[in-house]
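# Close look at the chain arrangement
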Amino acid sequence: MRDATDRGHFLRQIVADDVANGRHVRIVTRFPPEPNGYLHIGHCKSICLNFGLASEFGGVTNLRMDDTNPLKEDEEYVEGIAEDVAWLGFSWAGSFHASDYFEQMYLWAEHLVVAGHAYVCHQTEEEMRAGRGTVTVHGTSSPFRNRPASESLDLLRRMRAGEFPDGAATLRARADMASPNMKMRDPPLYRIRHARHHRTGDTWCVYPMYDYAHPLSDAIEGVTHSVCTLEFENNRELYDWVIAHCPVPHKPRQYEFARLSLQSTMMSKRRLLNLVQEGLVTGWDDPRMPTIAGLRRRGVRANALREFAERVGVARAANLVSMDLLDTAIREDLEPFARRGLAVLRPLPIEVVNWPENEVQAFETPWGPEGFDNGSRTIPFGRQVFIEREDFQAEPEEGFRRLAPGRTVRLRHAFVITCTDVLYDEAGNVSGLRATADLSSRGAPAKASATLHWVCAARAVRLQTRLFERLFSVDRPDAEPDFRTVLNPKSRTDIEAWAEPALLSLAPGDHVQLERLGFFFCDPTDSRTGAPVLNRVTTLRDSFPKSVVRAPPPPASAPIVAVKAKAPDPLAQPWLDRGVGDEEGRVLAHDPNLAALFEEAFATFADAQSLGAFLVHHARSALKDGVLLNTHRVGTIAKRLAQNVINGRGADVLLRSEGDVDADIDALNLRIITDEGALWAFVLASFAAFPDKEAALRSGKTGLQGFFVGDVMKRSDGRAHAATVSRLMIQLISR
């Protein structure tokens, strides 16, 4: 615990003074979200603050769902909120709901009526709004304000009994219609709402307003410091009024701080819900979303978010926080442990003319990073390599240090090369390069203008990558009349990268730094064994200015070799138009047997992309082995694979068996294990078997996640759902 003399931020000092002066036996805070959406990064600041303050001073924090509006709330959000808070690394003393206290809140409402502090009003919402007046004009009392307490009590009980329709009556506080604080001009405390509640069902048809339920929930739970954002500052007077006029067992106090405003994002759950419902994003966990679920799916770790919240600090003055601060926290968190790998997004081929034809040599190279033992992998090198197209300029602009005609650069982990020739296609665009390599330069000092990433063309594999940019094109999208007009059309770009073969070993939940491209995360939902899908978490800091590479005209002095550009396969286009992937479309276009199988199996499983991938990567091999395939069976197997009922190994077994697919799945014990209880048992057994590796994993050596996922797969005969195992493991070590 910090010494009370450590000033820190103003809320920390308030708590420190209260502890030093003995005002509270124990500090109790709470995090009270409304379960009407998923938590976002703004909530992260509040979570860290509430849990951090209590923990720092030996207190506790409650997790409480403010579930007073049944029209907007859902159990899905309750579960998502709890998962997010736990993932951030916090444990709560108790898990509560405002609905736990509905009966007590109602009894206190009757107490207010009997004591003359509240009355039942029949004004409409519009009439109440008009009667509040303005900041310069006092409010006008309701004609029902002075009705006898006995009459209001009878009406309140009839409201509870369901005698009135929605909007027919409201319980209002008899506060002060002349108050300069318009929140105090007889605010509503209860409204009629004939709606089923996700926890209490149809028990209630009157529900408390937030400003009534919130302070009473704090009082019931013994909260000492009710910390909230500045937008509730004007509500504090009503908060105190409710506490003062109800016979509560404890008197909490509200404190406010400036909410987090982050550049190029929105923090309104209502507007984030619009994005989801209108299909402008793929869901609450879309990696472009500012939700904690989205950031987690993108690959941001809990430690980075906690560090970001600490750096943002706590103040009463509102300000717009730069996205760079978040990116910096993410980079600093990933830098020490993320593996290093090579991949190229937009390839430009180079022929190394002094390397032997058809010879590929493998270099043993550490996964890195330096000082962190992630083991090693082999990087193949051959006569043709790919570099990034933007790493070459035929006419280098000022400050451009990468490859150009006659210039020497180093290929990362390999040789120094010098560009000797530039090849152009018929349109005058650069189509390739020729270079010579200093074959004695690997691992040895050599003068080079830059170091480039690359891959061996003969051994490169294809990986799906997703590059994310800001979801909005302006700093303050919530200030726009219609935030939809400022959505960034380039916020997500899917690119099939060329990568070194070792990257196929990445498991869901792994992090890797693709050198000079950024930090990437193996998507826990969409990745499959041997087919990782990489989300870019954040870019790297470049030591050179970025350049936009255009196709320059061939310089007069450069040798011109006409090389005809490879045209797209016109036969594949109809398959691509149907939604089949690029690689699968090319195969189907030239394999009539596989194409015929597709058309027949499509009647059973009408998902062109999944079916095409299944046929090319599984059924094609069975056909070559002479297996006779039933088209309905093929379609069913493809569907079960897409539904995560089986994995790729199970699909291959089923293709070579006969009988009912679903019966064979159970008879052959091929069903993927998705039950989290069973998977927890495998994870814990794996940890128990390798305590030293578990300790290393918990200390930050997250490269061992792949080891443990692999061990769980062995223990489960390959049937564990790898993505769920990875998620559970991340959840466990993040606590």
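Computed from a predicted model, the values in this text were never measured in an experiment. (Residues numbered from 1 in each chain as written. Predicted model: local features only at pLDDT ≥ 70, side-chain atom pairs only at ≥ 80, totals over all residues. Heavy atoms only, no water.)

For the rest of this paragraph, the subject is the overall build of the protein chain. On a plain count of helices and strands, the protein chain comes out with 23 helices and 28 strands. Expressed as a percentage of the 735 residues in the protein chain, the buried residues total 53%. The long-range share in the protein chain, meaning contacts at least 24 apart out of those at least 6 apart in sequence, stands at 70%. Of the accessible surface of the protein chain, which amounts to about 32,400 Å², a share of 50% is contributed by carbon and sulfur atoms. Each charge class in the protein chain was averaged separately, 88 positive and 97 negative side chains, and the resulting centres sit 3 Å apart. (Helix = DSSP H or I, 4+ residues; strand = E, 2+ residues; numbered from the N terminus. Buried < 20%, exposed > 50% of the residue type's maximum accessible area, 1.4 Å probe, protein only. Contact = heavy atoms within 4.5 Å. Areas by Shrake-Rupley, 256 points an atom, 1.4 Å probe, with all protein chains shown as cover. Lys, Arg positive; Asp, Glu negative; His and termini not counted. Charge placed at Lys NZ, Arg CZ, Asp CG, Glu CD.)

Take empty space enclosed by the protein next. Tallied over the full model, the rule gives two cavities of 30 Å³ or more. What lines the second largest cavity is simply Tyr210, Asp211, His214, Pro215, Asn235, Leu238, Tyr239 and Gln254. Put simply, the parts of the chain that give the lining of the second largest cavity at least two residues each are helix H7 (210-221) and helix H8 (236-245). Tallied by class, residues from the lining of the second largest cavity come to four nonpolar, three polar and one charged. (1 Å grid on protein atoms, 1.4 Å probe; cavity = no way out; pocket = protein on both sides within 12 Å on 5 of 7 lines; lining within 4 Å. Points joined across faces, edges and corners; volume = space filled by probe spheres on them. Nonpolar A, V, L, I, M, F, W, Y, C, P; charged D, E, K, R; others polar.)

Moving on to the confidence of the model for the protein chain. Mean pLDDT over the protein chain works out to 88, with 93% of the residues at or above the 70 mark. Segment residues 1-7 is flagged for pLDDT under 50; beyond a separation of four residues in sequence, or across chains, it makes 10 contacts in the model. Here residues 542-567 is a poorly scored stretch, pLDDT under 50, and it has 40 contacts once near neighbours within four places are set aside; other chains count. (pLDDT = per-residue confidence, 0-100.)

Here we take up H7. Between the first and last C-alpha of H7 there are 16 Å, a value that for 12 residues agrees with the 16 Å anticipated at 1.5 Å per step. In terms of residue burial, H7 counts as a mostly covered element, since 10 of its 12 residues are buried. Here H7 has its buried residues at Asp211, Tyr212, Ala213, His214, Pro215, Leu216, Ser217, Asp218, Ala219 and Glu221. Of the residues one or two after H7, Gly222 is the one with positive phi, at around 75°. (Expected span 1.5 Å × (residues − 1).)

Here Thr631 lies in helix H17 (residues 631-642). What makes Thr631 partly exposed here is its relative accessible area of 22%. Considering only alpha carbons, one finds Thr631 and Asn62, 569 residues apart in sequence, at a separation of 56 Å. Residues within four places of Thr631 in sequence aside, it is in contact with Leu597, Glu600, Ala601 and Thr604.

Along its 12 residues, H17 runs 17 Å from first to last C-alpha, staying within 8% of the 16 Å computed at 1.5 Å per residue. When we look at burial in H17, the residues that qualify are Arg633, Val634, Gly635, Thr636, Ile637, Ala638, Arg640 and Leu641. In the stretch just after H17, Asn644 is the one whose phi turns positive, near 60°.

According to the stated counting rule, one finds 46 salt bridges in the structure shown. The closest approach of N and O atoms between Asp18 and Arg23, which form a salt bridge, is 2.6 Å. Its relative accessible area of 7% is what places Asp18 among the buried residues. A salt bridge links Arg157 to Glu110; the nearest nitrogen and oxygen atoms lie 2.9 Å apart. You can see Arg157 sitting in helix H6 (residues 149-161) and its partner Glu110 sitting in helix H4 (residues 102-114), a full 47 residues away along the chain. Residue classification places Arg157 among the partly exposed residues on the basis of a relative accessible area of 45%. The buried category is assigned to Glu110, whose relative accessible area is 13%. (Salt bridge = Lys/Arg side-chain N within 4 Å of Asp/Glu carboxyl O.)

To continue, consider a negative patch on the surface. A grouping of Asp74, Glu75, Glu76 and Glu79 is seen on the molecular surface, where their side chains present a negatively charged patch. Within the element layout of this structure, Glu75 appears in helix H3 (residues 75-87). By relative accessible area, Glu75 is classed as partly exposed at 33%. (Patch = residues over 30% accessible without salt bridge, like charges linked within 9 Å, V, L, I, M, F, W, Y side chains within 5 Å.)

A word on the side chain of Arg174. By secondary structure assignment, the location of Arg174 is in the loop between strand E5 (170-173) and strand E6 (188-192). Of the buried charged residues, Arg174 lacks a salt bridge, with Asp186 as the closest side chain of opposite charge at 6.2 Å. The contact partners of Arg174, leaving out residues within four places of it in the chain, are Gly116, His117, Ala118, Tyr119, Arg145, Asn146, Arg147, Asp186 and Trp241.

Let us look at the pairing of strand E2 (residues 60-65). Consecutive side chains along a regular strand alternate between the two faces of the sheet. Most of E2 sits inside the fold, with six of its six residues counted as buried. Of the two faces of E2, the one carrying Val60, Asn62 and Arg64 and the one carrying Thr61, Leu63 and Met65 are both buried. As judged from the four bridges shared by strand E1 (residues 28-31) and E2, these two strands associate in the parallel manner. Opposite Phe31, over in E2, you have Leu63 as the bridge partner. One crossover worth recording links E1 to the parallel E2 by way of helix H2 (residues 41-56), and it is right-handed. Note: E2 against strand E3 (residues 94-97), four bridges, orientation parallel. The partner of Leu63 across the bridge, within E3, is Ser95. (Pairing = 2+ DSSP bridges. Right-handed = clockwise from strand over helix to strand, strands pointing away.)

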